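# Geometric and topological summary
The primary structure of each chain is shown beneath.
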Amino acid sequence: MPYETDPVPEGTGGALRGKVAVVTGAGPGLGRTLARLMSAEGASVVVAARTAATVEKIAAEFPGTLAFPADVTSPADVESLAAAVTERFGRLDVLVNAAFPGTHRRKVLDMSPADLASWRTAVDIGAYGTLLACRFLAPLMVERGSGSIVNVTSMSSRKGYAGRSDFAAGKAAAHLLSHCLADELGPYGVRVNCVAPGWIASEVLDDWMRTRATAEGVSYEDVLARDLSAMALRRIATEEDVARAIVFLASDQAGAITGATLDVNAGQLFT
């Protein structure tokens, strides 16, 4: 499966020209793709995540991008991020919350004390981290009377799966938090929406399919064909598919859209 699309040539866009955008949870996958695409669309981008080396590597790839190490579950870290954005740019137009830790599949009744602690951490990052980012960064938009927040949720925020309760609970919380914030911030000209991916083409997904194939005694190609047959478009969405949906909601082209969820799952789930 393809994991990345060809780079977007510089100067080919402009949907975010002149805007300042912060991406939390900016990892080497979707976060990097977002930084690339937003930069190509004219934005000044700030990438934030817990691991300094990760965001510094992303920032080095795209001139003008600012790296800021921050734990989104730490009020002090997020306040410092807001202060850094203010000092560097004096404004904020777009906030994308994409932070969520890697999780492992575990059924609730099989959870050990360590699993329970991991569950809580995952939900804290997905839900509380999104709350903190909005609490301390949205005021920069309220001051200007405009702005767009895009929270990356998931197909799992509306459809739970055995063994993925941490992921589903964290994303569902961010989903409904977005509705609340859309109602609260709308009078100030700030829009709040969600992009809900389904599966995203990646080596991790590929490995999971191979693991299932081995467990079932069938080929990887058989599992892939079966999974694709359950998707209306018969393909798996890429990181760039998801990133382009985020850019659309972040841009002025979506100026009358708030409180909405844009599904990017190639027809894996209709809502």
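Shown above is the structure to which this text applies.
The rules behind the values
- Every residue gets a number counted from 1 within its own chain, in the order that chain's sequence is written.
- Only residues with pLDDT of 70 or above have their local features reported here, since the model is predicted, and side-chain atom pairs are shown and tallied only from 80 upward, although totals for entire chains, interfaces and linings are computed over all residues.
- To get the side-chain values, all heavy atoms of the structure are used, and hydrogens and water are removed first.
- Strands here mean DSSP runs of E at least two residues long; helices mean DSSP runs of H or I at least four residues long; both are numbered from the N terminus.
- The rule is simple: take the accessible area with a 1.4 Å probe, protein chains only, and divide by the maximum for that residue type; under 20% is buried, over 50% is exposed, in between is partly exposed.
- Residue contacts are counted whenever heavy atoms from the two residues lie within 4.5 Å of one another.
- Working definition of a nonpolar core: buried Ala, Val, Leu, Ile, Met, Phe, Trp, Tyr and Cys residues. They are joined through side-chain atoms within 4.5 Å.
- As used in this structure description, the phrase polar contact means that two N or O atoms lie within 3.5 Å; if the pair is within protein, one of them must be able to donate a hydrogen and the other to accept it, and residues adjacent in sequence are counted only when both atoms belong to side chains.
- Between N-to-C directions, angles cover 0 to 180 degrees, with each direction set by a line fitted to C-alpha atoms, over the stretch in contact for helices.
- These descriptions rest on fixed angle ranges, namely under 35 degrees for roughly parallel, over 145 for roughly antiparallel, 65 to 115 for roughly perpendicular, and the rest for oblique.
- Should the near helix be turned counterclockwise from the far one by less than a right angle, the crossing is left-handed, whereas a clockwise turn marks it as right-handed.

### So, the side chain of Thr130
Among the secondary structure elements, Thr130 is positioned in helix α4 (residues 113-144). By relative accessible area, which is 6% here, Thr130 ends up buried. Ignoring any residue separated from it by four or fewer positions in sequence, one finds Thr130 in contact with Asn97, Ile125, Asn151, Ala174 and Leu177.

### Describing the nonpolar core
Counting residues in hydrophobic clusters, the biggest one holds 33 residues, and the most contacted among them are Leu34, Met38, Val47, Val96, Val195 and Ile246. Those residues within four positions of Val47 in sequence are excluded, and the remaining contacts are Val23, Ala26, Ala35, Val55, Ile58, Ala59, Thr65, Leu66, Ala67 and Phe68. Formed by 26 residues, the second largest nonpolar core is a distinct cluster that contains Leu66, Leu137, Ala182 and Leu185.

### Some remarks on the environment of Asp263
Tracing the sequence through the fold places Asp263 in strand β7 (residues 261-264). Measuring from C-alpha to C-alpha, the distance between Asp263 and Ala245 comes to 8.7 Å, with 18 residues separating the pair along the chain. Asp263 has contacts with Arg158, Ala196 and Thr271, leaving out every residue within four places of it along the chain. Within the structure, Asp263 has its side chain in polar contact with the side chain of Arg158 (distance 2.4 Å). Within the structure, the side chain of Asp263 is placed 2.5 Å from the side chain of Thr271, a separation counted as a polar contact.

### Some points on the environment of Arg212
Relative to the helices and strands, Arg212 resides in helix α6 (residues 203-216). The buried category is assigned to Arg212, whose relative accessible area is 16%. Residues Arg212 and Val223, spaced 11 residues apart in sequence, show a C-alpha to C-alpha distance of 7.5 Å. Filtering out sequence-adjacent residues up to four positions away, Arg212 remains in contact with Trp199, Val223, Arg226 and Asp227.

### Brief notes about the packing of α6 against helix α7 (residues 220-229)
Contact pair α6 / α7: the axes reach a minimum separation of 8 Å and the direction vectors enclose 115 degrees. Overall, the two elements α6 and α7 adopt an arrangement that is roughly perpendicular. At the point where α6 passes α7, the crossing takes the right-handed sense. Residues Asp206, Met209, Arg210, Arg212, Ala213 and Glu216 of α6 touch α7, and the partners they reach there are Tyr220, Val223, Leu224, Arg226 and Asp227.

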